[in-house]
Amino acid sequence: MRKHSWCYFVLPVAWLLYGACAAANPYDWSVRSSVTRIEVTYMPDEIVFALEAPAGPCPSGHNLRYTPAGADVVSKASNAKAVLAVLLAAKTSGQHVLVYGSNQGCQARFVYIN
């Protein structure tokens, strides 16, 4: 019986680690849609945009907010420019974006162009 005693330790630890990783997702929803509106008034602190499809609990056409990520002001501004470029490219070319977001305040977390 001793040769399987490691299972009593390893399996619960593995299960706890899996649960912690699964709960660490920084998003609640994802949606693939076309961009209908982009507001740049709050750049570089925030980008507000709307999608043709509903995004989680946010209805179609509702403002989604993207807060740039980065360690300092310069990297946040660079991130804002990159996300704005993706949104503008998708809007002008008619391509879809894939957005991952949070239910709290219809917050966009990750933006991809497809």
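Residues numbered from 1 in each chain as written. Predicted model: local features only at pLDDT ≥ 70, side-chain atom pairs only at ≥ 80, totals over all residues. Heavy atoms only, no water.

Asker: Let's hear about helix H2 (residues 73-93): which residues, and what values?
Answerer: Between its terminal C-alpha atoms H2 stretches 30 Å, which fits the 30 Å expected from 21 residues at 1.5 Å a residue. When we look at burial in H2, the residues that qualify are Ala80, Val83, Leu84, Leu87 and Ala90. Within H2, the buried residues cover an arc of 125° as seen down the axis, which keeps them to one side. Of the exposed residues in H2, those oriented more than 90 degrees away from the buried face are Val74, Lys81 and Thr92. Here the buried face of H2 lies against strand S1 (29-39), strand S2 (47-51), strand S3 (64-66), strand S4 (96-102) and strand S5 (107-113). One or two residues past the end of H2 sits Gly94, with phi positive at roughly 80°. (Helix = DSSP H or I, 4+ residues; strand = E, 2+ residues; numbered from the N terminus. Expected span 1.5 Å × (residues − 1). Buried < 20%, exposed > 50% of the residue type's maximum accessible area, 1.4 Å probe, protein only. Arc of directions from axis to C-beta. Contact = heavy atoms within 4.5 Å.)

Asker: Now, about the pattern of salt bridges: what can you tell me, with residues and values included?
Answerer: With the rule as written, the count across this model stands at one salt bridge. For Arg65, the salt bridge identified is with Glu46, shortest N-O distance 3.1 Å. In this pair, Arg65 is assigned in strand S3 and Glu46 in the loop between S1 and S2, connecting sequence segments 19 residues apart. (Salt bridge = Lys/Arg side-chain N within 4 Å of Asp/Glu carboxyl O.)

Asker: Go over the environment of Val31, please, and point to the residues and values.
Answerer: For Val31, the location among the structural elements is in strand S1. On the basis of relative accessibility, which here comes to 10%, the residue Val31 falls in the buried class. Taking the C-alpha atoms as reference, Val31 lies 5.7 Å from Leu98; in sequence the two are 67 residues apart.

Asker: Explain the state of the cysteines to me, and be specific about the residues and the numbers.
Answerer: One pass over the structure, following the stated rule, counts one disulfide. Between Cys58 and Cys106 runs a disulfide, and the two sulfur atoms are separated by 1.9 Å. Since a negative S-S torsion denotes a left-handed disulfide, the Cys58-Cys106 link at about -110° is left-handed. Linking Cys58 in the loop between S2 and S3 with Cys106 in the loop between S4 and S5, this pair joins segments that are 48 residues apart in sequence. For the residue pair Cys58 and Cys106, the accessibility class agrees, reading buried in each case. (Disulfide = S-S within 2.5 Å.)

Asker: So what about the nonpolar core? Which residues, and what values?
Answerer: Residues Phe49 and Val99 are the most contacted members of the largest nonpolar core, which totals 20 residues. Where this core is concerned, the elements lending two or more residues are S1, S2, S3, H2, S4 and S5. It is H2 that provides the largest number of residues to this core, a total of five residues. Apart from the residues lying within four places of it in its own chain, the contact partners of Phe49 are Arg37, Ile38, His62, Asn63, Leu64, Tyr66, Leu87, Val99, Ala108 and Val111. (Core = buried A, V, L, I, M, F, W, Y, C linked by side-chain atoms within 4.5 Å.)

Asker: Mind laying out the packing of aromatic side chains, listing which residues take part and the relevant values?
Answerer: All chains considered together, the criterion is met by three aromatic pairs. Between Tyr27 and Phe110, the ring centres sit 6.4 Å apart and the planes meet at 85°, which makes this aromatic pair edge-to-face. Within this pair, whereas Tyr27 is found in the loop between helix H1 (7-23) and S1, its partner Phe110 is found in strand S5, the two being separated by 83 residues in sequence. For Tyr27, a relative accessible area of 31% puts it in the partly exposed group. The partly exposed category is assigned to Phe110, whose relative accessible area is 34%. Here a set of aromatic residues connected by ring pairs shows up, and it is made of Tyr27, Tyr100, Phe110 and Tyr112. (Phe/Tyr/Trp six-rings, centres within 6.5 Å; stacked < 30°, edge-to-face > 60°.)

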